There are 2 protein chains.
Amino acid sequence: LDTDESIVIGMLGCGVVGGGVADRVLSGITFRAGRLRLGGVLVRDLSKPREPSRVRQHLTTDAERVLNDANIDILVECMGGVEPAAKHVESALRRGIHVVTANKALIADRGARLTAIAGEYGVALRYEAAVGGAIPVIRTLEHLAECDEILEVGGVINGTTNFVLSAMEGGRPLEQAVRDAQRAGFAESDPSTDLEGIDAAHKLAILSATAFGAWPRWESIARRGIREITLDDVEYARSRGCRIKSAAWARRIDRIAIVASVGPTLIPIDHPFAAPRDAENVVLAIARHAGPIILGGVGAGREATASAIIGDLADILRELGRKNSGAPDNEETRYA
Amino acid sequence: LDTDESIVIGMLGCGVVGGGVADRVLSGITFRAGRLRLGGVLVRDLSKPREPSRVRQHLTTDAERVLNDANIDILVECMGGVEPAAKHVESALRRGIHVVTANKALIADRGARLTAIAGEYGVALRYEAAVGGAIPVIRTLEHLAECDEILEVGGVINGTTNFVLSAMEGGRPLEQAVRDAQRAGFAESDPSTDLEGIDAAHKLAILSATAFGAWPRWESIARRGIREITLDDVEYARSRGCRIKSAAWARRIDRIAIVASVGPTLIPIDHPFAAPRDAENVVLAIARHAGPIILGGVGAGREATASAIIGDLADILRELGRKNSGAPDNEETRYA
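All figures in this text were calculated on a predicted structure; none of them were measured in a lab.

Each value, and the rule that gives it
- Residues numbered from 1 in each chain as written.
- Chains lettered and ligands numbered in written order.
- Predicted model: local features only at pLDDT ≥ 70, side-chain atom pairs only at ≥ 80, totals over all residues.
- Heavy atoms only, no water.
- Helix = DSSP H or I, 4+ residues; strand = E, 2+ residues; numbered from the N terminus.
- Contact = heavy atoms within 4.5 Å.
- Phe/Tyr/Trp six-rings, centres within 6.5 Å; stacked < 30°, edge-to-face > 60°.
- Pairing = 2+ DSSP bridges.
- Axes fitted to C-alpha atoms, helices over the stretch in contact; angles between N-to-C directions.
- Buried < 20%, exposed > 50% of the residue type's maximum accessible area, 1.4 Å probe, protein only.
- Polar contact = N/O pair within 3.5 Å; in protein donor to acceptor, adjacent residues only side chain to side chain.
- Salt bridge = Lys/Arg side-chain N within 4 Å of Asp/Glu carboxyl O.

J.: Sorry, what's going on with the environment of Ala145(B) here?
T.: Residues and elements named next belong to chain B. Mapped onto the elements of the fold, Ala145 is located in helix H5 (residues 137–147). Measuring from C-alpha to C-alpha, the distance between Ala145 and Gly213 comes to 8.1 Å, with 68 residues separating the pair along the chain. Residues contacting Ala145, with those up to four places away along its chain left out, are Ile150, Thr210 and Ala211.

Structural data, given as structure tokens:
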């Protein structure tokens, strides 16, 4: 492949997940439509050590140097947070640049607006990595929503609360379990977003939008955190053949109303929601014809999340490949 | 939508699954690319009662009346067995007709040949319904194989042995459990294909081909049935915290060799393979970057299997929609 056929990836953010994506792109990924090539990568601090270190020559602190590169085809957004990510993503979409993001706060908060802009400018906005890490949750729900009717959707979709509740089953009180999670890299220094169910509410809003075709306000999701859970609660659950999990669930009541909630729930030990440990996630959708569909896997972390982003890039490249193939191929001449 | 925009579906077979598909098509399914319309439906016996009964006016015993209909766009094959299904499917592909099949024996036996013919004639051959019923197994593995490297794949993918082994856990000896399964509609009058692991070997061959990109001979898969399993074995398993499941597993040893086997296996009670009951199936793939991906749901039956076929039809229609949209749309003008 010559350079002209390569697809240029610009990036916003190069932390754990962004570094994982940069690593795979720099290691050389080639799809049928072309080879991925890394363009500019926006970071806040040029002096910070980066993994992989060879990403350094791509780093810049100037967003315009990433977005204004005439060669950029796709922007990968891994900076996190709603702003300034929203501003940059919107700007990219309006310039005709496809966007792949892992940013659940961004999509939960601005999904309706950003998908409308993407539609208007005829570019893709993909966010498989925003929910369930490596688990192909979004693509599966999109397909199911297209050819069936999804009635309910939810899951155990926050790794930090999983880790903390598992540690509590081992006898660690909540505060110690939270410190364990921080040491193990499963919790932020301020763990509120996870412990108070905000992260899960973001993800449930995205699941809900994908399943039911309408963007809810994530703030309107009934939400309880796990801070009040005690070792006595965990022991009570065990005595009833259950585990306590922070479960997220959304159900369509009729064509209009959707009820959605996030919070600690008694889960029978043989229910699929009882299975995930630590960074594992599980998502369950119930459709009118297909019945229940369960998806499980690694819901967080560098490799798993980067993997979902690469999957979204593959989808966009497949689309580009279709459009760029000039002469009608065999497939096109056969069916006409 | 006027009639010209409708997509005509011809069918081979109208038993449990075929009837389910005919029912949904006759009830009216419209995708963006057009509305599905039912053409001819090949059956062996015109006098047999059919569900739904309004399918009767579509029935014929002449395969040519189905395949030679100039309006037919897609053939749905639900007749089962390798021949004459293979002959008809090949004939359809060579006439430029897309094919969707639920026939695992056909794909396991002739997948290499039929996919090559489909490629040559530029038409789609889809078989999501052949493995795992409503669970989106094939599409998920295809995507994963495209953007990652699948190292291992397998699952609990035969409903009959699931039902029988579950009944044995309830104290029923094997032969009684098999009769229970027959009465409940989970086993054929001759249950050998299920009990001897042939059905699971067919499905594992298809999973393996999808995951590893090469069609194995399904007869070469190491295979043990469940006929020798006794209540003592089931009790032994329980005493070790396990359940006996007929598990199918294929593993890539290096770039060339694949080891694959089907047979009764001791599964720890908290392993995902221990969960499925009766018609439930579970499939697990392990990929280099994504790690383990677990998929579960209803693996057999009218609604679940028809649902997978409708999903394949939706995919083909999306492709047709792309090709038939004459003027370049916004999406195409943006990226060029």
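J.: Quick question: what am I supposed to make of the packing of aromatic side chains here?
T.: Each aromatic ring pair is characterised by the separation of its centres together with the angle its planes make. All names here are of chain A. Going through the model one piece at a time under the given rule, you end up with 6 aromatic pairs over all chains. Geometrically, the ring pair formed by Trp249 and Phe273 is edge-to-face, given 5.8 Å between the ring centres and 65° between the ring planes. In this pair, Trp249 is assigned in strand E10 (residues 242–252) and Phe273 in the loop between strand E11 (258–268) and strand E12 (280–287), connecting sequence segments 24 residues apart.

J.: What am I meant to see in the sheet that holds strand E8 (residues 150–156) of chain B here?
T.: Sheet strands pair via backbone hydrogen bonds, and the direction of the pair is either parallel or antiparallel. In space, the 12 strands of this open sheet follow the order E9(A)-E11(A)-E10(A)-E8(A)-E12(A)-E13(A)-E13(B)-E12(B)-E8(B)-E10(B)-E11(B)-E9(B), with mixed pairing throughout. Edge positions in the sheet fall to strand E9 (222–223) of chain A together with strand E9 (222–223) of chain B, since each of these pairs with one other strand and no more. Bridge count for E8(B) against strand E12 (residues 280–287) of chain B is 6 bridges, and the pairing is antiparallel. Paired with Val156(B) across the strands is Val282(B), a residue of E12(B). Contacts from helix H9 (residues 198–212) of chain B reach E8, E9, strand E10 (242–252) and strand E11 (258–268) of chain B, with the element oriented near 155° to E8(B).

J.: Could you clarify how one ought to interpret helix H6 (residues 159–169) of chain B in this entry?
T.: Quick reminder: α-helices carry 3.6 residues per turn. Residues three or four places apart thus point the same way. All names here are of chain B. Extensive coverage of H6 is indicated by the burial of 11 of its 11 residues. Restricting attention to buried positions, one finds in H6 the residues Gly159, Thr160, Thr161, Asn162, Phe163, Val164, Leu165, Ser166, Ala167, Met168 and Glu169. Looking at the buried positions of H6, the neighbouring elements they touch are E8, helix H7 (174–183), helix H8 (192–195), helix H10 (231–239), E10 and E12. The backbone nitrogen of Thr160 lies 3.3 Å from a side-chain oxygen of the residue at the head of H6, namely Asn158. Two residues or fewer after H6 comes Gly171, characterised by a positive phi angle close to 100°.

J.: Is there a simple way to think about the environment of Asn68(A) in this case?
T.: Residues and elements named next belong to chain A. Inspection of the secondary structure puts Asn68 in the loop between helix H2 (63–67) and strand E5 (72–77). With a relative accessible area of 52%, Asn68 lands in the exposed category. For the pair Asn68 and Val43, spaced 25 residues apart in the sequence, the C-alpha separation amounts to 16 Å.

J.: Would you take a moment to explain the pattern of salt bridges for this structure?
T.: If charged atoms from side chains of opposite charge come close, those side chains can pair. Residues and elements named next belong to chain B. Throughout the structure, instances matching the rule amount to 46 salt bridges over all chains. Note that Asp23 is salt-bridged to Arg302, the shortest N-O span being 3.8 Å. Residue Asp23 is located in helix H1 (residues 16–26), and its partner Arg302 is located in helix H11 (residues 302–324); the two are separated by 279 residues in the primary sequence. Overall, Asp23 belongs to the partly exposed group, its relative accessible area being 24%. Overall, the relative accessible area of 24% leaves Arg302 in the partly exposed class.

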